[in-house]
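What follows is the residue order along each chain.
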Amino acid sequence: MKKINLYMSIVLSALSVFVMVESKKMPAEIAGLGMGPGVLPFWLGAGILLLSIILAVESLLDKRSPKKVFNISEIKNMGIMFLALVLYAISVDLFGFGISTLLLVFFLVRRLGKYAWWKCGTIGVIVSSVSVYLFRVLLEMPLPTGIVGF
Amino acid sequence: MPSFDLLMQGFATAISPENLFFAFLGALMGTLIGVLPGIGPTSGIAMLLPLTTILPPTPAIIMLAGLYYGAMYGGSTTAILVNIPGEVASVPTAMDGYKLARKGQAGPALATAAISSFVAGTLSLVGLTFFAPTLAGFSLKFGPPEYFALMILALSVVVNLTGKSLVKGLIAGLLGFLIAVIGLDPMSGYARFSFGNVNMMSGIDFISVIIGLFAVSEVLSNVETHVVDVYKAKLTGLMPTLKDLRQITPTMLRSTVIGFFMGLLPGCSPGVTAFVAYDTEKRLSKHPEKFGTGILEGVAAPEGANNATTSGGFVPLMAFGIPSGPALAVLLGGFMMYGLQPGPTLFEKNADFVWAVIASMYIGNVMLLILNLPLVGLWAKLVRVPYPIMAPMVLVFSIIGAYSVRGKLFDIGVALFFGLIGWVMRKVELPASPLILCLILATILETSLKQSLSMSTGGLGIFFTRPISLTLITVALVLVAFSLYTRFKHPEKASEALAEESE
């Protein structure tokens, strides 16, 4: 955790400096309205910077043995799942909500539960059909239909 | 005529078969809408508003009011069972409710939510019935400086939500503020941190952030180790015991008071009061360290408060036509659609209508309880669905939830982005709750700060010269000081926490 806290404080410091620089480009005062749009973000950036420095000092003074927070296999498993979700978000617009949901559920059930292909397919069809019926048909939500139309 | 007689007349109207049916329909549909993640009371009322035009005003508003408090209740179900708080008010419920569900106590958690919602909802209705005109006058004393002070009071909760590290909790809170400033400045309309992107200009919707930080990151955290996390033990005791009920009664009563009085103030949403009630219970508890680990008080407090706020919000709505939050704003649209102008004259000109709606809310609360307690067993069984089947469903519903708010694919991207951020935050032990609280408070805090400074031509003195704002700020400072004192008073507990952290 010690190293992670240090890395985190570096990332947050960079973010806060960026926020402060960008805020300075915004008006500090607007005639008739008083406080401009850049004031609050600037002070938010300053606050995060100050807290990041405290976090860095805390982690440098921490005498406890470091704990491993991330490991490769965890990141790999999470990464595959996240990638599947990103592809899903893209395909919803492209191919349509129903078909994309079917494919996503099929993939996830297969990967997580190692069920037979037909079981994964059945669950995919049920989840996508029920959600399309419930949200698009009953609740009239304009879910994307894409080129497939489902 | 005294309020009691008027209420009795209201009951006479409300118990007509037609009105009873629409109260039931509203409560039922509200519960179902609440259970569907992401579709909160606001979109529920908005979706059904056009459909009610075929009805006369009284049954239509009775149905929409039923839908509103039904949805407020229903939101807790998904928060408890699958850690998807469909609305901000259910975020604190998820903190303890989900832990209870994972321990096999989904039944008592859901029943506690139902009972607490019923008790708080009904008691607040008593307040609404007898004190509406007097209390409505109180809310008019709140100008921008008082709102700013109130938001500062709500922010004092953050200190208690920080978890093991105060610094990390405060960082999370400031990050929440930072997310909130993305988009157009509420006063000047200047685009901040939008980088020319039209979607960014309309700001980051907090529902997508909540769905990402809670639901998506939960699934990402569970799949990383291929753990098939399903509760296999027998589900025992679906209802809380008498001892449990005795234990949560003071919590329910306190949360009712907090929720109702804060609900009188426009802009004070059920989300804020749920957090404040949760924090108050944690402060008053003999075992504050158990909050967040799965205890019934942690469910009773936010659920009671958010339902009390729901009823409290009807006071300024009916008395002045001021909606306390987005859902009531849509309901106000419903009033207007029927030519009913909420305001001081509503109680005189349309007394029959007002009192029938209030009476139907009593009936609706009883209906909600009758409707939901038998369903507890059914919902509780959801925790036994194998995780490989549950996880994809949670993700699909989360994504629909994010999309449903504004109908933008951009919001799906936001939910996924915050899912990843939430996963990292869990790893590095940055708590999500302070971020959410600050995100929801930020806009009203910034607006009231800027308005106050305009009123005082730039000086901060305005917050300390007005009695209500001075009192609120003093209370906030005392609470923060008290929290910090208790935090550092027990260094042995702090070192235990640190040791745990280093394991």
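What counts, and at which threshold
Residues numbered from 1 in each chain as written. Chains lettered and ligands numbered in written order. Predicted model: local features only at pLDDT ≥ 70, side-chain atom pairs only at ≥ 80, totals over all residues. Contact = placed C-beta atoms within 7 Å. Helix = DSSP H or I, 4+ residues; strand = E, 2+ residues; numbered from the N terminus. Nonpolar A, V, L, I, M, F, W, Y, C, P; charged D, E, K, R; others polar. Domains from an automatic or database assignment. Buried ≥ 20, exposed ≤ 12 C-beta atoms within 10 Å, placed from the backbone. Expected span 1.5 Å × (residues − 1). Axes fitted to C-alpha atoms, helices over the stretch in contact; angles between N-to-C directions. Parallel < 35°, antiparallel > 145°, perpendicular 65-115°, else oblique. Left-handed = near helix turned anticlockwise from the far one by under 90°. pLDDT = per-residue confidence, 0-100.

With that settled, consider the interface of chain A and chain B. At the junction of the two partners, chain A supplies 51 residues and chain B supplies 48 residues. At the level of secondary structure, the elements contributing two or more residues to the side of chain A that touches chain B comprise α1 (2-24), β2 (34-35), α2 (39-61), α3 (72-95), α4 (97-113) and α5 (117-138) of chain A. The element that contributes the greatest number of residues to the side of chain A that touches chain B is α3(A), accounting for ten residues. Split by residue class, the side of chain A that touches chain B holds 38 nonpolar, seven polar and six charged.

A word on the domain arrangement of chain A. For chain A, the assigned domains are domain 1 (2-61) and domain 2 (72-138). On a C-alpha basis, the centres of domain 1 of chain A and domain 2 of chain A stand 39 Å from each other.

Position of B:V91 relative to the elements: it lies in helix α5 (residues 91-102). Given 25 C-beta atoms within a 10 Å radius, B:V91 is considered buried.

Residue and element names in this part refer to chain B. With 26 residues, helix α4 (residues 57-82) extends 37 Å between its outermost C-alpha atoms, agreeing within 8% with the 38 Å of an ideal straight helix rising 1.5 Å per residue. Burial of α4 is extensive: 25 of the 26 residues sit out of reach of the surface. N83 sits one or two positions beyond α4 and adopts a positive phi of about 60°.

All right, on to the packing of α5(A) against helix α19 (residues 387-406) of chain B then. Put simply, α5(A) and α19(B) touch, their axes get as near as 11 Å, and they point 25° apart. Of the possible angle classes, the one that applies to α5(A) and α19(B) is roughly parallel. Both α5(A) and α19(B) take part in a crossing whose hand is right-handed. Contacts from A:I123, A:V127, A:S131 and A:F135 in α5(A) reach B:I389, B:P392, B:M393, B:V396 and B:I400 in α19(B). Its residues assigned to classes, the contact of α5(A) with α19(B) comprises eight nonpolar, one polar and no charged.

Helices that pack against each other are described as a pair by the angle of their axes relative to one another and the distance between those axes. Following both chains from N to C, one finds α2(A) and helix α8 (residues 166-180) of chain B inclined at 155°, their axes separated by 10 Å at the closest point. Of the possible angle classes, the one that applies to α2(A) and α8(B) is roughly antiparallel. Of the two possible hands of crossing, α2(A) and α8(B) adopt the one that is left-handed. Along its contact with α2(A), which presents A:L44, A:G47, A:I48, A:L51, A:I54, A:L55 and A:E58, the element α8(B) presents B:V167, B:L170, B:I171, B:L174, B:F177 and B:L178.

Quick look at the environment of A:E140 now. With respect to the helices and strands, A:E140 occurs in the segment after α5. With twelve residues separating them along the chain, A:E140 and A:S128 place their C-alpha atoms 16 Å apart.

This part covers the confidence of the model for chain A. Per-residue pLDDT for chain A averages 90, and the proportion of residues at 70 or more is 98%. By mean pLDDT, β2(A) is the weakest element of chain A at 80, and α2(A) is the strongest at 94.

Here the focus is the confidence of the model for chain B. Regions with low pLDDT should not have their predicted coordinates read in detail. All names here are of chain B. Confidence in the prediction for chain B averages 83 pLDDT; 90% of positions are at 70 or higher. A low-confidence stretch, residues 494-503 (pLDDT under 50), is modelled with seven contacts involving residues beyond four sequence positions or located in other chains. With pTM at 0.81, the complex prediction returns an ipTM value of 0.94.

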